[in-house]
Amino acid sequence: MSWSKDTWQTISPIYNRIIKMPFIEELMDGSLPLEKFQFYMSQDSAYLENFGRALALIGARAYDTQNMLTFLQFAENAIIVESALHESYFKEFGVSEKAIVQPACHHYINFLKSTAALDNLEVAMAAVLPCFWIYKAVGDYILENQKDGENTYQAWIDTYAGEEFGEAVTKAIQICDEHAEKTTPQIRARMTEAFVTASNLEYHFWDAGYSLRTW
Ligand SMILES: Cc1ncc(C[n+]2csc(CCO)c2C)c(N)n1
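Here the structure is a predicted model, which means the values were calculated and not measured. (Residues numbered from 1 in each chain as written. Predicted model: local features only at pLDDT ≥ 70, side-chain atom pairs only at ≥ 80, totals over all residues. Heavy atoms only, no water.)

Draft legend 1. Up close: the site of the ligand. As a structural note, the neighbourhood of the ligand is formed by 15 residues, with D44, E82, C131, Y160 and E202 the closest of them. Between Y160 and the ligand, the recorded distance is 3.0 Å, taken from a side-chain N or O atom to a nitrogen atom. Here E202 contributes a side-chain N or O atom positioned 2.8 Å from a nitrogen atom of the ligand. Sorting the residues of the shell around the ligand by element identifies α4 (34-61), α5 (65-93), α7 (121-145) and α10 (185-211) as the ones contributing at least two each. Partitioned by chemical class, the residues of the shell around the ligand number 11 nonpolar, one polar and three charged. (Near = heavy atom within 4 Å. Polar contact = N/O pair within 3.5 Å; in protein donor to acceptor, adjacent residues only side chain to side chain. Helix = DSSP H or I, 4+ residues; strand = E, 2+ residues; numbered from the N terminus. Nonpolar A, V, L, I, M, F, W, Y, C, P; charged D, E, K, R; others polar.)

Here it is, written out as structure tokens:
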């Protein structure tokens with residue numbers, strides 16, 4: 001079995017907990033209180049900037065120029081495409097000031113940046129993968145299960161369930177599998193560990209949004 005299939009099975013209990021979270025269920029039916037979504041989006045803004053930095057760092061460390069280009073494009077997308085989504089919601093809901101980075105976000109961005117800077121390249125690539133893969137899976141899950149009707153959060157849902165984003169996810173998974181295949185069993189095991197940690201951090205990011213958890 002490929003590294004990615006095997007690793008997705010490992011995190012399936014975490015993924016199953018994620019799609020049952022009140023944050024996701026209420027995002028799906030549009031009943032999520034605005035205050036919680038605003039908190040999540042303002043933290044996500046800081047997340048995206050730092051995630052973009054981690055991706056650019058991985059790009060700089062890539063073994064060949066093709067993978068370098070791919071990760072630099074991921075970084076560019078994280079900054080430009082996703083921040084457009086944030087900007088439109090910020091305008092709609094009148095949030096403008098830069099947020100203080102709260103614990104769950106702080107934990108996640110520092111894990112990503114330190115892994116991207118100091119760990120093996122393969123491990124760094126695995127650490128950023130849940131960000132792509134879990135969002136695609138959650139986006140598709142919501143699109144398949146949501147009821148018809150107006151939803152304030154539809155733009156968010158469509159971003160992650162979209163075809164274009166799907167292609168980026170497939171590419172990110174493929175790159176990890178290629179690197180997993182060529183590396184040692186020890187590093188492959190650390191790739192899995194980094195993937196599990198990032199998946200847990202995704203859970204906590206949404207959980208902190210729902211409970212408005214601050215320092
Ligand atoms: C906490 C958190 N995790 C993942 C994403 C999703 N995401 C952010 S950047 C990017 C790839 C480049 O577009 C993806 C998939 C998010 N928004 N917030």
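Picking up after the structure, the text goes on.
Draft legend 2. Up close: the environment of F205. By the element assignment, F205 lies in helix α10. Each C-alpha atom of the pair F205 and A180 lies 27 Å from the other, and the pair is 25 residues apart in sequence. Residues within four places of F205 in sequence aside, it is in contact with Y40, Q43, D44, Y47, A104, C105 and Y108. (Contact = heavy atoms within 4.5 Å.)

Draft legend 3. Layout of the pattern of salt bridges. For the coordinates displayed, the defined rule picks out four salt bridges. Salt-bridge contacts for E49 lead to R53; the nearest nitrogen and oxygen are separated by 2.8 Å. Residue E49 and its partner R53 are located together in helix α4, separated by four residues, close to a single helical turn. The exposure class of E49 is partly exposed, given its relative accessible area of 33%. The salt bridge involving K136 is made with D140; its shortest N-O contact spans 3.0 Å. Pair noted here: K136 and D140 are both in helix α7, with a separation of four residues, about one helical turn. (Salt bridge = Lys/Arg side-chain N within 4 Å of Asp/Glu carboxyl O. Buried < 20%, exposed > 50% of the residue type's maximum accessible area, 1.4 Å probe, protein only.)

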